[in-house]
Amino acid sequence: MFDKILIANRGEIACRIIRTARQMGIRTVAVYSDADADALHVALADEAYHIGPAPARESYLRPELILDVARQSGAQAIHPGYGFLSENADFAEACDGAGLVFIGPPAGAIRAMGSKSAAKRIMEEAGVPLVPGYHGEDQDPGMLQDSADRIGYPVLIKATAGGGGKGMRVVRDSASFGALLAAARREALSGFGDERVLLEKYLTRPRHMEIQVFADFHGNALHLFERDCSIQRRHQKVLEEAPAPGMDGELRSRMGAAAVAAARAIGYVGAGTVEFLLDEDGSFYFMEMNTRLQVEHPVTEMITGQDLVRWQLGVASGETLPCGQDQLAIDGHAIEARIYAEDPARDFLPSTGTLTHLRTPPESAHVRIDTGVRQGDSVSINYDPMIAKLIVWDATRDGALRRLRAALAEYQVVGVTTNVEFLAAVAAHPAFAAGDFDTGFIERHSTALFPETEPAPARTVALAALYVLLRRSAEAESAAAASSDRWSPWHQTTGWQLNCDNHHVLTLQDGETAVCVTAHYRPEGYLLELPDCRMLVSGRLDNDGDLLADLGGMRITASIVWHGNDLTVISHGSSHRLTLHDPLADAGEQEVAGGRLTAPMPGKIVALLVTPGTAVERGTPLVIMEAMKMEHTISAPRDGVVAEIHFAVGAVVNEGTELLSFAADGETV
Ligand code: MV4
């Protein structure tokens, strides 16, 4: 076994690997970019080395810098985590060349899975079921049309070099094949520099099923059951679970055997995942193989009681697998929810900023949190905006789901917008609870999952007002205690004001609406006059700063975060931000009339969909930006005409930069 390993990654996965290494007495070496000097993975490692600027291309993606650190620190092996260099065959080879162990599969296995059509040929050979289709070299359009007609519609055109759904086209009938083939080719050529495509029978309601496999250098290979990752949006996984709802033992062993056969066919060693599509009729088909440890590996760990990073380290150092297939069994049910800094209401636009407040449910045998950030850290545009993975376990799926809902309700993040409430909506959906879902779940149930933003309920406004009043009163009391004249009327904390009724008016901005709250001081608390009701309230702050409130007789605990003028009220799993109106600082920076379209976040322009003079309707996509590995569409705010476009494709722009000017209907350009 190694004495010292280097982790060529950051964030939660670097922390995850360090945790197991530490338990095994292995010393850890971290690497970090400018943006990560104070990151958690750096603090947890035994040693950490700076490797360059924030952009991954200039730091985490530079093999030679990482190999230098490995040599300098005396690390014997490199764990690449996921993403970054984890599926880079040249890097795996370079490690070998430098006398270092790459904790991952042989370069040849990575290469074998790199091309979709080549992977399919290998799998066909090994007897792994494939979706009926065509994946040959002949790319003649007439021949492809004939193949599609033979397969039967609907047919899916996929880019041979593609992945993650890019360059896919569904063809519904023979007549539209030609045009869609041409479009798929163009997209494949511009996206991957390779216009070859393959054809498949299109499955209309498939589930994404994947099998965790492991193999060692001594010819042993086994699987650790399945994960159901069907809850995705735009090819990004949202929730993953194991075992898959409705999976029976017979199907499980057939899929498991197919996955092990796939691993053996490419001489696999280490941790890998074989992805399948599972059709409604119970047929399953090979999709692709991921030659790395995956983000969602914890659900497998929770149901098998195994530590997959420990397995990886054992295999990489030449040990045999720690057990055989027969020694593995499924215990209970686990679900993982990926908590992201993103705004579901704005098409999941990544949200950047400082995590001014971060409180998580307590970890236990039922709740695991894999994270790379702590309160005070920031989420930048440079990397994936995942904040944490919340993993729950219980004896049954129902139990796990209940724990997931409870844990999400306790997850408090202020400073960036998150998907926590969206995750809670999925976890609360009856169809999800019934295990009735496929890869189209989020789209099909979008109305239920993306509720309109509701105005803050009276209770939330009351909690915010009470909090402000209590904090001000506490400040006034400490000022009075520090004063030479303790009994001066100026230090009274009961709202006494010269020549005034004993009341106070607070204005809380809730989105577009200003909500006025009049607070009358009463011996037992405050009588609040809210827009639609009056409420006698009282309360106190506990040691954690939480508000223990009594709202007209109802007792409730809330966490309230006051940052600048923003008050975030978190209670019972819902979070609402109100802005305390400060009459002194009323700058009123409103959006200028006319049409300006600014970058919602820093990023790169990847496509311009309009030209000056184009007449567009409200909602027409205008510009596509890419940030944090995701694409975002900027759409017309109203009907009008594009006046001027200020940037070309490829330009990198800052948040707030005007991208184009726009004249609304009725104005002149
Ligand atoms: C499919 C399919 C239906 N039929 N292939 C999407 C990404 C790529 N890796 C494979 N994908 C799909 N391939 C056939 N023949 C549906 C999808 C698909 C999907 C697959 C897994 C998870 C989520 C998905 C969401 C949309 C489409």
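Just so we're clear, the structure is a prediction, and the values are computed from it rather than from any experiment. (Residues numbered from 1 in each chain as written. Predicted model: local features only at pLDDT ≥ 70, side-chain atom pairs only at ≥ 80, totals over all residues. Heavy atoms only, no water.)

Peer 1: Lay out the overall build of the protein chain with the relevant residues and their values.
Peer 2: The number of helices and strands found in the protein chain is 17 helices and 39 strands. What you see for the protein chain is a C-alpha radius of gyration of 28 Å, in line with the 26 Å of a compact globule of 669 residues. Structurally, the protein chain occupies a C-alpha span of about 90 × 65 × 50 Å along its principal axes. Taking all 669 residues of the protein chain together, the buried fraction comes to 51%. Excluding contacts between residues fewer than 6 apart, the proportion of contacts in the protein chain whose partners are at least 24 apart in sequence is 61%. (Helix = DSSP H or I, 4+ residues; strand = E, 2+ residues; numbered from the N terminus. Rg over C-alpha atoms; globule rule 2.2 N^0.38 Å. Buried < 20%, exposed > 50% of the residue type's maximum accessible area, 1.4 Å probe, protein only. Contact = heavy atoms within 4.5 Å.)

Peer 1: Account for the domain arrangement of the protein chain, with residues named and values stated.
Peer 2: Once the domains are mapped, the protein chain shows domain 1 (4–103), domain 2 (132–201), domain 3 (207–449), domain 4 (458–477 + 492–580) and domain 5 (592–662). If you average the C-alpha positions of domain 1 and of domain 5, the two centres end up 37 Å apart. (Domains from an automatic or database assignment.)

Peer 1: I'd like a description of the site of the ligand, backed by residues and values.
Peer 2: What surrounds the ligand is a group of 17 residues, the closest being Leu156, Glu200, Lys201, Leu203 and Gln232. Here Glu200 contributes a side-chain N or O atom positioned 2.8 Å from a nitrogen atom of the ligand. Here a nitrogen atom of the ligand sits 2.9 Å away from a polar atom, N or O, in the main chain of Leu203. In isolation the ligand has 520 Å² of accessible area, and contact with the protein removes 90% of it. Where the shell around the ligand is concerned, the elements lending two or more residues are strand E7 (155–159), strand E9 (197–201) and strand E14 (284–290). Its residues assigned to classes, the shell around the ligand shows 8 nonpolar, 5 polar and 4 charged. For the shell around the ligand, the two domains that each supply at least three residues are domain 2 (132–201) and domain 3 (207–449). (Near = heavy atom within 4 Å. Polar contact = N/O pair within 3.5 Å; in protein donor to acceptor, adjacent residues only side chain to side chain. Areas by Shrake-Rupley, 256 points an atom, 1.4 Å probe, with all protein chains shown as cover. Nonpolar A, V, L, I, M, F, W, Y, C, P; charged D, E, K, R; others polar.)

Peer 1: An account of the sheet that holds strand E13 (residues 270–278) is needed here, citing residue identities and associated values.
Peer 2: Reading across from one edge, E14-E13-E10-E11-E12-E15-E22-E20 is the order of the 8 strands in this open sheet, with antiparallel pairing throughout. Edge positions in the open sheet fall to E14 and strand E20 (367–371), since each of these has one partner strand only. Across the sheet, the mean angle from the axis of one strand to that of its neighbour is 25°, orientation sign disregarded. Pairing analysis gives 9 bridges linking strand E10 (residues 207–215) to E13, with the strands arranged antiparallel. Bridge pairing links Ile211 to Val274 in E13. Sheet contacts for helix H11 (residues 308–316): E10, strand E11 (221–233) and E13; angle to E10, the most-contacted strand, approximately 40°. (Pairing = 2+ DSSP bridges. Axes fitted to C-alpha atoms, helices over the stretch in contact; angles between N-to-C directions.)

Peer 1: How would you explain the packing of helix H3 (residues 63–73) against helix H4 (residues 89–97) if you had to name every residue and give the values?
Peer 2: Angle between the axes and distance between the axes: these two values describe a pair of packed helices. Direction vectors running N to C along H3 and H4 enclose 30°, while the axes themselves pass 11 Å from each other. Taken together, the axis directions place H3 and H4 in an arrangement best described as roughly parallel. At the point where H3 passes H4, the crossing takes the right-handed sense. Packed against H3, whose contacting residues are Pro63, Ile66 and Leu67, the element H4 presents Phe91, Ala94 and Cys95 at the interface. (Parallel < 35°, antiparallel > 145°, perpendicular 65-115°, else oblique. Left-handed = near helix turned anticlockwise from the far one by under 90°.)

Peer 1: An account of the packing of aromatic side chains is needed here, citing residue identities and associated values.
Peer 2: All chains considered together, the criterion is met by 13 aromatic pairs. Here the aromatic residues Tyr60, Phe84 and Tyr383 are joined through ring pairs into a cluster of three or more. Against the face of Phe437 rests Arg207, its NZ or CZ located 5.6 Å from the ring centre. Between the NZ or CZ atom of Arg397 and the centre of the ring of Phe432, over which it lies, the distance is 4.7 Å. (Phe/Tyr/Trp six-rings, centres within 6.5 Å; stacked < 30°, edge-to-face > 60°. Lys NZ or Arg CZ within 6 Å of the ring centre and 35° of its normal.)

Peer 1: Provide a residue-level description of the nonpolar core, including the pertinent values.
Peer 2: Membership of the largest hydrophobic core comes to 37 residues, with the highest contact counts inside it found for Ile231, Leu239, Ile387, Leu390, Leu404, Tyr411 and Phe441. Every element with two or more residues in this core is listed here: strand E12 (236–242), strand E15 (333–340), E20, strand E22 (386–394), helix H12 (397–409), helix H13 (420–428), helix H14 (430–433) and helix H15 (441–444). Those residues within four positions of Leu404 in sequence are excluded, and the remaining contacts are Leu239, Ile335, Ala337, Leu390, Val392 and Ala427. Membership of the second largest hydrophobic core comes to 33 residues, among which are Ala21, Val295, Leu313 and Val315. (Core = buried A, V, L, I, M, F, W, Y, C linked by side-chain atoms within 4.5 Å.)

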